[in-house]
Structure formats: C-alpha cells, structure tokens
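Structural characterization, general
Chain by chain, the residues:
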Amino acid sequence: MARWRGSGSARASWQLMTGLGLSLAGVTVLAGEVRVQVLDADGEPVEKAAVVVRAIDALPERPAAGQAVIDQVDQEFVPSAIAVPVNTRILFPNNDDIRHHVYSFSEAKSFELSLYEGEPPRPIEFPNPGIVTIGCNIHDWMRAHIYVVDSPWYGLTDGNGAWRVSALPAGDYQYRVEVWHHGLAEERQTVGQVDLERGAAAEVQAVVEIEAAPVPRRTPRPDRYRRYP
Ligand SMILES: [Cu+2]
C-alpha cells in the first residue's frame with residue numbers, strides 16, 4: 001500500500017531509475033512483455049495506479065469498450081479504483097439500505113445520479129480518456145477513481161506496485177509506458193520508453209511523487225450521515 005504524502009504539495013514529478021532516466025532492467029527471452037513497478041518517492045509500492053502502454057509509430061489500437069460495475073457497499077465504493085477502456089458503460093448499483101448520490105466533476109466525465117437506492121436509472125458512459133473521480137454527495141468520504149484509458153494495454157498495479165502486460169504484438173516496436181494516478185500533479189506521467197524487439201521483455205521501474213488523496217469537496221450535513229469507521 002502506498003503511503004500518501006501530506007497534502008499541500010504543489011507539484012508531483014517522476015524520475016527514472018537509471019541511465020537516461022529509464023530503468024530498462026534487462027531484456028530477456030519472454031515475448032512481447034513489459035513489466036512495470038511503480039514506487040513512490042519513499043520507495044514504497046504504489047497500489048492501484050493505472051499503467052498504460054502505447055505503441056509508438058504504430059497505428060493506434062482502440063481498446064474494446066465494455067461494461068463495468070462500481071458497487072456501493074457499507075457506504076464505500078467497491079472497487080475504489082478501476083481501469084476501463086473509453087466508451088465503457090459503468091453501472092453504479094447501491095447495495096446499501098440508505099440512499100447515495102453519486103457524482104463526478106471531473107473534466108473527463110461529469111455526471112450526477114441523484115439520490116437513489118438499488119439500481120440507478122441508467123449506466124454512465126465514459127467516452128473521454130482521463131481520470132474520473134467520483135464521490136457521494138451525502139457521504140463525503142466515499143471516493144473512487146475511474147481510469148478511462150485509450151490504449152488496449154492497461155491495468156492497475158497490485159499491492160507490490162507491479163503490473164505486467166505479456167500480449168504485446170511481436171515486432172520491432174517502441175512502446176511508451178505511462179503511469180496514471182489521481183495523486184500525480186499531471187495525472188498522467190510518461191515513465192519510460194521501451195524498445196521491444198521480437199521475443200523480448202523489458203522492465204520499467206517508475207518512481208512517482210504522489211500527493212495525498214483529494215480533500216473532500218463538500219461537507220456532509222451532520223444529521224445525514226454516520227461516519228464509516
Ligand atoms: Cu452516499
């Protein structure tokens with residue numbers, strides 16, 4: 001789990017581990033694989049960062065849109081982070097016995113699902129790449145991040161800050177590796193460029209400086225909520 005740094009930091013930055021800033025630790029015999037580890041400035045793994053890999057100088061491949069669900073359970077969003085392709089439709093069911101009011105003011109997608117229980121009236125479509133932060137208007141601590149990506153190769157880091165993609169097209173391609181995280185000043189940071197020859201694998205270790213989770217933007221009415229432990 002990443003240790004969040006204190007809030008108020010004006011900027012975030014990334015740095016690369018070796019050479020020209022890129023830790024290209026070894027090219028081995030595995031085919032079309034890129035392994036990425038994301039660490040914070042203290043060397044702690046960053047969990048639930050989105051990693052996006054793009055082929056440079058190749059026709060852009062569009063990821064297939066799908067459907068996803070972000071549940072509301074015990075007054076929390078489950079999962080609290082998700083990476084989805086552009087144009088994915090996400091349903092926000094409420095499994096609590098109280099009403100939630102789900103909203104986003106994010107540039108990539110702004111929407112509002114007014115107070116409801118059970119199934120919301122409709123899924124929400126996410127046509128623009130970027131990071132969408134959702135909250136609940138009633139329970140201010142509820143927070144989730146939707147990473148809407150425009151590449152077919154993406155995922156979230158695990159508890160060790162690690163993620164890998166092993167199905168990259170064979171060939172003499174260059175790939176760009178990006179880390180997306182809501183705590184980064186720029187939200188998306190290029191952390192490496194990988195020359196991936198046929199039958200090759202590469203490792204990228206990215207150190208990113210991340211800010212604390214955003215301060216809640218609205219204050220809940222005290223009579224309307226009980227603080228979730
Ligand atoms: Cu709520």
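Our structure's up above, just so we're on the same page.
A short tour of the structure in this document, coming up. Every chain begins its residue count from 1, and numbering advances along the sequence as written. Whole-chain, interface and lining totals are the exception, using all residues; otherwise, since this is a predicted model, local features are given only for residues with pLDDT of at least 70 and side-chain atom pairs are given and counted only at 80 or more. Neither water nor hydrogens contribute to the side-chain values; these are computed over all heavy atoms in the structure.

1. A few points about the overall build of the protein
Per the convention used, a helix needs a DSSP run of H or I reaching at least four residues, while a strand needs a run of E reaching at least two, with both numbered from the N terminus. When its secondary structure is counted, the protein shows zero helices and 18 strands. Summary of the burial criterion: residues with accessible area below 20% of their type's maximum are buried, those above 50% are exposed, and those between are partly exposed, where the area comes from a 1.4 Å probe applied to protein chains only. Burial statistics for the protein: of 229 residues in total, 47% are counted as buried. Here, residues are in contact when the closest pair of their heavy atoms is within 4.5 Å. Restricting the contact set of the protein to residue pairs at least 6 apart, pairs at least 24 apart contribute 68%. Carbon and sulfur atoms provide 47% of the accessible area of the protein, an area that totals close to 11,200 Å². The Shrake-Rupley method, run with a 1.4 Å probe sphere, supplies the accessible areas, and residue values consider only the shown protein chains as cover.

2. Digging into the sheet that holds strand 14 (residues 153–156)
Pairing is antiparallel across the open sheet formed by four strands, whose spatial order is 14-3-16-17. The open sheet is flanked by strand 14 and strand 17 (188–196), the only strands paired with a single partner. Put simply, the sheet's adjacent strands are angled 20° from each other on average, direction ignored. Strand pairing is assigned whenever DSSP detects at least two bridges linking the two strands. Only the contacting stretch of a helix is used when fitting its axis, a line to C-alpha atoms as for every element, and angles between N-to-C directions run 0 to 180 degrees.

3. Topic: unusual backbone geometry
The omega angle of the peptide bond from Val-78 to Pro-79 is 0°, so this bond is cis rather than trans. Relative to the assigned elements, Pro-79 resides in the loop between strand 6 (76–78) and strand 7 (81–85). One non-glycine residue with positive phi stands out, namely Asp-74, at about 50°. Mapping Asp-74 onto the fold places it in the loop between strand 5 (71–73) and strand 6. Looking at Asp-74, the relative accessible area reads 44%, which means it is partly exposed.

4. Points about the sheet that holds strand 8 (residues 88–91)
What holds strands together in a sheet is hydrogen bonding between their backbones, with the strands either parallel or antiparallel. Strand order in this open sheet of three strands is 4-8-11, and the pairing throughout is mixed. The sheet is open, and its two borders are formed by strand 4 (67–69) and strand 11 (124–126), each paired with just one other strand. On average, each strand axis in the sheet is tilted by 30° relative to the strand beside it, whichever way the strands run. Pairing of strand 4 with strand 8 involves three bridges; the strand directions are parallel. Looking across to strand 8, one finds that Val-69 is bridged to Leu-91.

5. A look at the coordination of the copper ion
For Na, K and Ca the donor cutoff is 3.2 Å, while for all other metals N, O and S atoms count as donors only within 2.8 Å; water does not appear among the atoms, so some sites may look incomplete. Within the first shell, the copper ion binds the protein through His-100 (ND1), Cys-136 (SG) and His-139 (ND1), at distances of 1.9 to 2.1 Å. Sequence positions of the residues that donate to the copper ion give the spacing H-x35-C-x2-H. Remark: His-139 occurs in the loop between strand 12 (130–136) and strand 13 (143–149) and His-100 occurs in strand 9 (residues 100–105); sequence separation between them is 39 residues. His-139 gets classed as buried once you look at its relative accessible area, which sits at 2%.

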